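Notes for the structure review
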Amino acid sequence: MPLCWNKPLAATVSLLMLGAVLSPIQQNWRKEPRDSFPLSYYPMYAKDLRTVEHIPYVVGLSRSGARYPVPHSYLGPGGRPTVNIHLRRLVFEEDKRSKQDKLKEFCRKVAKRISRSAYAKAGVETVQIIIGAYDLSAYLSGRKAPLSERIVTSCEVNRQRQ
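About the thresholds
- Residues numbered from 1 in each chain as written.
- Predicted model: local features only at pLDDT ≥ 70, side-chain atom pairs only at ≥ 80, totals over all residues.
- Heavy atoms only, no water.
- Pairing = 2+ DSSP bridges.
- Helix = DSSP H or I, 4+ residues; strand = E, 2+ residues; numbered from the N terminus.
- Axes fitted to C-alpha atoms, helices over the stretch in contact; angles between N-to-C directions.
- Contact = heavy atoms within 4.5 Å.
- Buried < 20%, exposed > 50% of the residue type's maximum accessible area, 1.4 Å probe, protein only.

1. Topic: the sheet that holds strand β2 (residues 67-69)
- Taken in spatial order, the four strands of this open sheet run β2-β1-β3-β4, and their pairing is antiparallel. Looking at the sheet topology across the chains shown, the edges are occupied by β2 and β4 (148-156). On average, adjacent strands in this sheet sit at an angle of 35° to one another, irrespective of strand direction.
- Strand direction decides the pairing type here: strand β1 (residues 52-62) and strand β3 (residues 124-135), joined by 11 bridges, are antiparallel. Bridge pairing in β3 links V52 to D135.
- Helix-sheet contacts for helix α4 (residues 96-115) involve β1, β3 and β4, and the interaxial angle to β4 is about 70°.

Below, the structure is given as structure tokens:
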């Protein structure tokens with residue numbers, strides 16, 4: 001190919017690519033936009049995001065009512081993401097009958113691990129699995145308190161004598 005063809009060919013290919021990349025913008029002005037891969041107009045950034053998220057977590061309670069967040073290492077093997085996924089699956093499982101049994105068993109295992117730890121010495125007597133409703137924008141702005149909490153299950157910590 002002669003050298004004189006390289007610049008016009010490069011310009012044509014560049015314009016075609018630019019047109020392909022910018023073509024999804026027209027979806028923004030349609031009544032019912034269609035999103036498709038690989039040419040997407042990124043609707044996930046234009047839609048209102050859900051601002052309240054329901055997050056399960058585990059806390060230990062002392063007789064005086066002090067709350068202690070239970071670290072992920074007490075909830076099971078693996079890192080925090082793995083444990084959080086497991087807890088989320090347990091809490092939001094569809095089958096109601098087996099869900100309660102599994103949650104009670106999970107709670108007892110956590111309580112047993114706590115009974116052999118410094119948390120027992122700190123006076124933790126009860127383990128609670130809770131679903132907290134959090135406003136994500138408020139949380140990211142520094143207001144960490146949940147909007148509401150619902151106790152899913154709880155169990156007692158049987159302290160072992162040392």
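2. What about the pairing of β1?
- With eight of 11 residues buried, β1 lies mostly within the body of the structure.
- Where β1 lies against β2, three bridges are found, and the strand directions are antiparallel. Opposite V59, over in β2, you have P69 as the bridge partner.
- Counted along the chain from β1 to the antiparallel partner β2, the turn is four residues long, and its residue G65 has a positive phi close to 100°.

In short, geometric facts, not functional conclusions.
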